[in-house]
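Close look at the chain arrangement
Single-letter residue listing:
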Amino acid sequence: MGGVGPSGSERGPEQVNRSELSGPADLVQARDVYGGVHFHGGEASQGPPPRQLLGDVRGFVNRVEELRALNRLLSDGGRSADVTLSVITGTAGVGKTALALRWAHSVRHRFPDGQLYANLRGYDPGQPARPEQVLDRFLRALGVPPTAIPADPEDREALYRSRLADRRILVVLDNAATVRQVRPLLPGTDTCLVVVTSRSMLSGLVTRDGGRRLTLRMLSEDDAVTLLRRLTAEYRSGDDPDELTELARLCARLPLALRIAAERAASRPLMPLRELIQDLRDESALWDALTAEDDEEADAVRAVFAWSYRALGTSAARLFRLLGLHPGHDVSVPAAAALAGVPVSQVRQALDALVTAHLLEQNAPGRYQLHDLLRAYAVDQVRQLESARERQAALRRVLDWYLHTTDAALARTLPFNRTVPLDPPTDVAPLAFADGAEADAWFDAERDNLVACTRAAAADAPRTAWRLAALLRSVFMHRNAFDGWFATARTGLAAARALGDRRGEAEALESLGKAHFQARQLTEAAEHHRAALAIRRETGDEHGTAVSVNALGLLGLRHRRLTDSLAHFADSLAIFERLGDRRWQALLLSNLAETRYELGDLTEAVALLDRALPVQREIGDRGQEGNSLFFLSMTLRELGRTDEARAAIEQALAIAEEGASPVWLAHWLVEYARVQRALGRPGEALEAAHRAATIQRRLGDRSREAMALDGAGEAYRELGQPDQAIAFHLRAAATHRQLGDDWQSALTLDHLAAALVAAGRPDEAPHHLREARSRLAGFDDARAAALRERIEASPAP
């Protein structure tokens, strides 16, 4: 069973994925790998190695001994068998990140398989990065498609370590607060090296994980003065050495503060340094009077921040403090404009001013981020200088911008999935997208920010929170992004309940139901879908009721409770016919056709699909059209209309290629292989099954990979190579057992028995046939009964 539907008929990991398709597949050979099966050729290219290091630091001075200590970690082969973890510790602003990046850039040629970088944001005023989020980003960088990234954190760690095995990769983990943030990100191989920076000692990484700690002290007075000279040399000359020394002292000899002070001096080349120093002394005295902290370094840094901040123009200063309200860890130019309530052209000038003053970092083209200390200072300033009303207005502007831009992106990528109607935006100008690829790129860049915005909206704009979560459901569903999906759906549910918004509550429950269904957590899926259905019936939401009833039909298909599915789909269809919703009518006709096919009512299945397909073509629902063609091919093939089946499945594959969807392509290729076998072309069938299994392995859909392996086994048997067939059937059967799929297990075991007989090993077949018969005990449909009869009629069941 199983089809692909962008809205309403999603099964398991059947979501859109727009990554590049693999090239032509080579033939398959069985080897004693991964339980007896290995593919040669046809694997997806890993692409270029990741190069994620931030840019090297300008004006870096000294740290010669520290760089030598790091160099000692490397042997002549580019790594050390004894030390694979370095922990750079030191106070805030002392230059830990600068040292790590300077050294990483100097040795990156020793790590030809790539460099990974993550800011763990351990000391950021907002949410720190969670290990599972970082693993998701790292796995993507290592060539794992989003749909293949496991939801379970332990499985994610295992896949990460597998990807790093025997590869020489440098991993930089910046701004870690705890050992728990770091440990899941450590490779399991001595070919990789990890550099961690932290204000904490992270003793556990040293004592338990064998890390070597390098404590970074403040710059010496001479080095601090040298840094000031280097950063100002092009703009100033003749500064008194004693005055430079005094400026370095006021900055506590911390590189972060020194760089900001140097920029202030460089931007005023005609102003005597003694006057700048007096300004800073006055700022420092004011800060001392306002704070009771006994921390000279922290006070010096904050005094420098205030000194530089007060020199900003009005618009730049306002933007700086408003950035403290932005929920995400970085911000784009249009989002900054929405936050400030000004045009993009105006906000660019303010952003440039902040970057020039070293109060903001540009971390990618068009994207900016605050150092965690500067973010804390911005938060402090916005609370002091902006009224509660102004703060709320700014936050709501940026949240509305994300909400409406998400809706605009969905209009390009998944137009049938925009289930939450929005009022036109008033105070913001959301982005417009030229095509689906541009919209997908925006989703990829803003994914973490969208999760953060949903959380931030829950407290200040709960209606925005549940609507944003409802829109993001489709985005995360088609990427298998379970972390963000569950987080936003749960946030949306809490927000809707806080408002008493029953429609929003039902939307969030539906999202959680779909997330659990896609994660193969069927009990939880049923609970949430039934809860959503109860609310929709109670509130008289006919459209929502029909959607929830359809979801129960899909659960019935997954459990192979086909009579229940038939009833649910028929009930849902009746509602959509009454509402006049043609798209959903066609979708339900297709779901009914799949159910009729599974029940063996092939003529009725064809009739239903003949009604669905014209509508899907007329409205341009290409995904559902392809799905219906897939079901049509299966049905026509079993009716003996093989040429017509081939035409149908070839049309479906063309849609998958056109939409650049490996999810559709891989699933539908298995049916193409069956059609080729029915046409007496087992060689072509084998190639199709191989390509399907290869793509499914990349996508991480173990169930469908096993179906493709089983199809490859069938092709091998027809090619007269039963021993190869046995290896593939054994692997497929093992996977189906692990997943608890009795129906697919029974089908595969029946095929395995046939291969054993063909290989001259009939005495081994009865054991597998008995297991197949046992697994069929829970099914009472005609197709299951026919399989039972065939097994019982075999010579030795």
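In what follows, the structure referred to is the one given above.
Residues numbered from 1 in each chain as written. Predicted model: local features only at pLDDT ≥ 70, side-chain atom pairs only at ≥ 80, totals over all residues. Heavy atoms only, no water.

1. Considerations on the nonpolar core
Let me state the cut-off plainly: The nonpolar core is taken to be a set of buried Ala, Val, Leu, Ile, Met, Phe, Trp, Tyr and Cys residues, with the residues joined through side-chain atoms within 4.5 Å. Each residue gets one of three labels from its accessible area relative to the maximum for its type: buried under 20%, exposed over 50%, partly exposed in between, using a 1.4 Å probe on protein chains only. For this analysis, residues touch if any pair of their heavy atoms sits within 4.5 Å.
The biggest cluster of nonpolar side chains holds 135 residues, and the ones touching the most others in it are W103, L170, L247, L319, F320 and L354. Residues in contact with L319, not counting those within four places in the same chain, are A336, A340, V347, A350, L351 and L354. Counting 92 residues, the second largest nonpolar core, distinct from the first, contains A526, L552, A612 and A688.

2. Comments concerning the pattern of salt bridges
This is how the line gets drawn: Salt bridge, as applied in this entry: a Lys or Arg side-chain nitrogen positioned within 4 Å of an Asp or Glu carboxyl oxygen. The secondary structure listing takes helices from DSSP runs of H or I that are at least 4 residues long and strands from runs of E that are at least 2 residues long, numbered from the N terminus.
Under the defined criterion, the tally for this structure stands at 53 salt bridges. Across the salt bridge formed by E246 and R281, the nearest N and O atoms sit 3.2 Å from each other. Within this pair, whereas E246 is found in helix α8 (residues 241–250), its partner R281 is found in helix α10 (residues 273–290), the two being separated by 35 residues in sequence. For E246, a relative accessible area of 17% corresponds to the buried category. For R560, the salt bridge is made with E598, and the minimal N-O distance between the two is 2.8 Å. Note that R560 is positioned in the loop between α22 (542–559) and α23 (562–579) and E598 in helix α24 (residues 582–599), a separation of 38 residues in sequence. As far as the burial class goes, R560 and E598 line up, both buried. Each of R473, E507, E510, K514 and R536 takes part in a single network of salt bridges with overlapping partners.

3. Concerning the packing of aromatic side chains
Threshold: When the centres of two rings from Phe, Tyr and Trp lie within 6.5 Å, Trp using its six-membered ring, the rings pair. Their planes under 30 degrees apart give stacked, over 60 give edge-to-face, and anything left gives tilted.
Applying the stated criterion to the full structure yields 17 aromatic pairs. Measuring from ring centre to ring centre gives 6.1 Å for W401 and W442, while their planes differ by 70 degrees; the resulting arrangement is edge-to-face. Taken together, the positions of W401 in helix α16 (residues 388–413) and W442 in helix α17 (residues 436–460) put the pair 41 residues apart, joining distant regions of the chain. Assigned by exposure class, W401 and W442 land together as buried. With 5.8 Å between their ring centres and 85 degrees between their planes, W743 and F779 make a pair best called edge-to-face. One end of the pair, W743, is in helix α32 (residues 742–758); the other, F779, is in the loop between α33 (765–775) and α34 (782–792), and 36 residues separate them in sequence. The pair W743 / F779 is uniform in exposure class, with both members buried. Taken together, W401, Y402, F433, W442 and F443 form an aromatic cluster joined through their ring pairs.

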